[in-house]
Amino acid sequence: MKQRSRARRLVWTARLTVAAPFEERFPFRSTEAIERAQRRRLRESVDHAFVHVPYYRETGKRLGLGPGDFQAAGDLGKLPLIERDRLQADPQYFVSEAEPLDNHLELQTGGSTGEPITFFRHRSSLYERMLTFQRSEPVNAKLTGRRWRRRIAMIAPASSSTTDLNRKVGRQRFWKGVRTVVITIPLFDPLPEIEAQIDAFRPDVVSGYGSAIEAIYNDLATSDREFHRPSVAVYAADSLSDQVRRLLTGLGIEVLSVYQAVETPTIAWECDRHSGLHHNLDVCPVRIVDDDGSELPGGESGRVVVSNLVNRATMLLNYGLGDLATKLPDPCPCGRTLPLLSHPQGRTSEWMLSRSGAPIHPQTMRSILRNFDEIRRYQLIQEQPGKLRVVVVAAPGADRAAVAEAIAARAGELGEPLDARVEFSETLSRAESGKVRTILRAETGE
Ligand SMILES: [Zn+2]
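What about the overall build of the protein?
When its secondary structure is counted, the protein shows 12 helices and 19 strands. A sequence separation of at least 24 residues applies to 65% of the contacts in the protein between residues at least 6 apart.

Next up, the structure:
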């Protein structure tokens, strides 16, 4: 086994060496070339799925669909929308039988969004992951001024699916110690210890959950002591408030976000022009749909439905991820042709309820709260329909009474008014996974 993995690493190293420069240029290629790459991956995925994956075999038979019905990414909408609970209930139904199950890497998604799900990753998808990382490589090189031996501090739970995955990728990395030097700092270490480890390592890049980055730099910005400032902070998973983005930029730290999920390759990533996230539409095409599953035009916000065209273990085509996002119609000023997605705007499970029980988009409260520079971070807890508890971590010196009053007043003026009670706290509660969810429901205590 060991020998086989060494042989695999050699093959991957050779392939990566050839493919890496091509991959760096890929986002700049013509729309036709990018769509051609997408169609090729689509064809290969669909061909594989209809032969080897029980779910697609049976669905195809039931609906009279075959691989020939999928010529373009839009055709993926012909398949039923796979909901998360379906995958949860029967993970193996979606796994390719082309290889024994033991060949795959088994990942569990965090329990923060409810029940965890089991996802099988094909080993070669690790290679694909490394390859798509190359697309943002020029951005990282530019912002850090370092093409080689870039120092990266990853703040992550000691054990999570992403940590495990990164460890596996790390072991395979042919440029390990050459392109990047990486340390992992445990997310659950006390804040002063995390900060001390960053100071000692002096990274060019700090990466982690948005909430972890926020906690660290909120704390450091208000302390009197000197601290190491990385060139770039990269965050994924939970979000980063607009205020903290501004705070980081003010400290001279560029902020980049990456949109990914355990069930997908990198869906989209931010470049240094910060006008949205470049969508890797060839490896993970996204459809934005309304509540009935119909595709929405560019510029309109809706549910994110993905198709993972890379993985040959658990195969997910037309899978509802649960986030909300928008396809941005304008091209990015950086010159990359890969189109832009908005930052994902929270999970559909995070919609709030009005007094009458009507759903209220999470963006509604966000757009009120984002205007307060006095707010460092917040959490919304829906206590009952129409009633919210807003837990606020305030900036030092903020006039708390005035902030509380202004928030309550503006929430009360909404089309569907919300009764918002503001309270102040030093910290926000974290889910077991380590993520901080912005919107919680009091009933489930999630
Ligand atoms: Zn760009």
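From this point, the narrative continues.
Observations regarding the packing of aromatic side chains
Across all of its chains, the model carries eight aromatic pairs by this definition. Between phenylalanine 22 and phenylalanine 26 the ring centres are 6.5 Å apart and the planes differ by 55°, which places this aromatic pair in the tilted class. Overall, the relative accessible area of 37% leaves phenylalanine 22 in the partly exposed class. Residue phenylalanine 26 is classed as buried on the basis of its relative accessible area of 3%. Taking the centre distance of 6.4 Å and the plane angle of 55° together, the rings of tyrosine 217 and phenylalanine 227 count as tilted. Linking tyrosine 217 in helix α9 (residues 210-222) with phenylalanine 227 in the loop between α9 and β6 (232-236), this pair joins segments that are 10 residues apart in sequence. Classification of tyrosine 217 as buried rests on a relative accessible area of 0%. Three or more aromatic residues link up through ring pairs in this structure, and these residues are Tyr55, Tyr56, Tyr93 and Phe94. Across the ring face of tyrosine 127, the terminal group of arginine 15 is positioned such that the distance to the ring centre comes to 4.1 Å. Between the NZ or CZ atom of arginine 151 and the centre of the ring of phenylalanine 201, over which it lies, the distance is 4.1 Å.

Examining the coordination of the zinc ion
Bound to the zinc ion on the protein side are Cys271 (SG), His278 (NE2), Cys332 (SG) and Cys334 (SG), at distances that span 2.1 to 2.3 Å. Binding-site remark: the zinc ion is held by donors from one chain whose sequence spacing is C-x6-H-x53-C-x1-C. Residue histidine 278 is found in strand β9 (residues 277-279), and its partner cysteine 334 is found in the loop between β12 (317-328) and β13 (340-341); the two are separated by 56 residues along the sequence. Since its relative accessible area comes to 0%, histidine 278 is described here as buried.

Considerations on the layout of surface pockets
In this structure, the second largest pocket encloses a volume near 600 Å³. What lines the second largest pocket is a set of 27 residues, and nearest its centre among them are Leu191, Ala215, Asp219, Glu426 and Thr427. At eight residues, the largest contribution of residues to the lining of the second largest pocket is made by α9. Taken together, the residues of the lining of the second largest pocket break down into 15 nonpolar, four polar and eight charged. Domain assignment of the residues forming the lining of the second largest pocket places at least three in each of domain 1 (1-344) and domain 2 (351-441).

What to know about the sheet that holds strand β3 (residues 150-156)
Reading across the sheet, the 11 strands line up as β4-β3-β5-β6-β7-β8-β9-β13-β12-β11-β10 and stay open at both edges, with mixed pairing between neighbours. Edge positions in the sheet fall to β4 (180-186) and β10 (286-289), since each has one partner strand and no second. Here four bridges tie β10 to strand β11 (residues 301-307), and the two strands are oriented antiparallel to one another. In the strand pairing of β11, isoleucine 288 is matched with valine 304. Against the sheet, helix α8 (residues 191-201) engages β3, β4 and β5 (205-209), with an angle of about 165° to β4.

Remarks on the packing of helix α2 (residues 31-52) against helix α3 (residues 54-63)
The interhelical angle for the contact between α2 and α3, taken along N-to-C directions, is 90°, at an axis separation of 5 Å. In terms of their interaxial angle, α2 and α3 are classed as roughly perpendicular. Two secondary-structure elements touch here, α2 through Ala49, Phe50, Val51 and His52 and α3 through Pro54, Tyr56, Arg57 and Gly60. Residue classes in the contact of α2 with α3 are distributed as five nonpolar, two polar and one charged.

Observations concerning the side chain of threonine 59
You can see threonine 59 is positioned in helix α3. Polar contacts involving the side chain of threonine 59 include one to the main-chain carbonyl oxygen of tyrosine 55, which spans 2.6 Å. Residue contacts for threonine 59: discarding those within four places in its chain leaves Leu79 and Pro80.

Structural notes on the side chain of arginine 135
Along the chain, the position of arginine 135 falls in the loop between α5 (124-133) and α6 (137-144). Of the residues examined, arginine 135 reaches a relative accessible area of 1% and is grouped as buried. Of note is the side chain of arginine 135, whose polar atom sits 2.8 Å from the side chain of aspartate 282. Setting aside residues up to four positions removed in sequence, arginine 135 forms contacts with Glu23, Phe26, Pro27, Trp269, Asn280, Asp282 and Leu338.

Section: empty space enclosed by the protein
Here the structure, examined in full by the defined rule, presents one cavity of 30 Å³ or more. Its volume calculated, the largest cavity comes out at about 80 Å³. Taken together, 14 residues form the lining of the largest cavity, with Arg121, Ser125, Thr264, Pro265 and Val310 sitting closest to its centre. Residue assignment for the lining of the largest cavity shows that the elements contributing at least two residues are β2 (118-121) and α5. In terms of residues, the lining of the largest cavity owes the most to one element, α5, which gives four residues. Its residues assigned to classes, the lining of the largest cavity comprises five nonpolar, five polar and four charged.

Details of helix α10 (residues 242-250)
Taken together, the buried positions of α10 are occupied by Asp242, Gln243, Val244, Arg245, Leu247 and Leu248. With its phi angle positive at about 85°, glycine 252 sits one or two positions after the end of α10.

Observations concerning the environment of glutamate 137
Examined against the element boundaries, glutamate 137 turns out to sit in helix α6. Distance from glutamate 137 to cysteine 271, taken between C-alpha atoms, is 10.0 Å for residues 134 residues apart in sequence. Within the local environment of glutamate 137, its side chain forms a polar contact with the side chain of arginine 150, the two groups lying 2.7 Å apart.

Definitions and limits used
Residues numbered from 1 in each chain as written. Predicted model: local features only at pLDDT ≥ 70, side-chain atom pairs only at ≥ 80, totals over all residues. Heavy atoms only, no water. Helix = DSSP H or I, 4+ residues; strand = E, 2+ residues; numbered from the N terminus. Contact = heavy atoms within 4.5 Å. Phe/Tyr/Trp six-rings, centres within 6.5 Å; stacked < 30°, edge-to-face > 60°. Buried < 20%, exposed > 50% of the residue type's maximum accessible area, 1.4 Å probe, protein only. Lys NZ or Arg CZ within 6 Å of the ring centre and 35° of its normal. Donors = N, O, S within 2.8 Å, 3.2 Å for Na, K, Ca; no water. 1 Å grid on protein atoms, 1.4 Å probe; cavity = no way out; pocket = protein on both sides within 12 Å on 5 of 7 lines; lining within 4 Å. Points joined across faces, edges and corners; volume = space filled by probe spheres on them. Nonpolar A, V, L, I, M, F, W, Y, C, P; charged D, E, K, R; others polar. Domains from an automatic or database assignment. Pairing = 2+ DSSP bridges. Axes fitted to C-alpha atoms, helices over the stretch in contact; angles between N-to-C directions. Parallel < 35°, antiparallel > 145°, perpendicular 65-115°, else oblique. Polar contact = N/O pair within 3.5 Å; in protein donor to acceptor, adjacent residues only side chain to side chain.

Everything listed here is a matter of geometry and, on its own, says nothing about what the molecule does.
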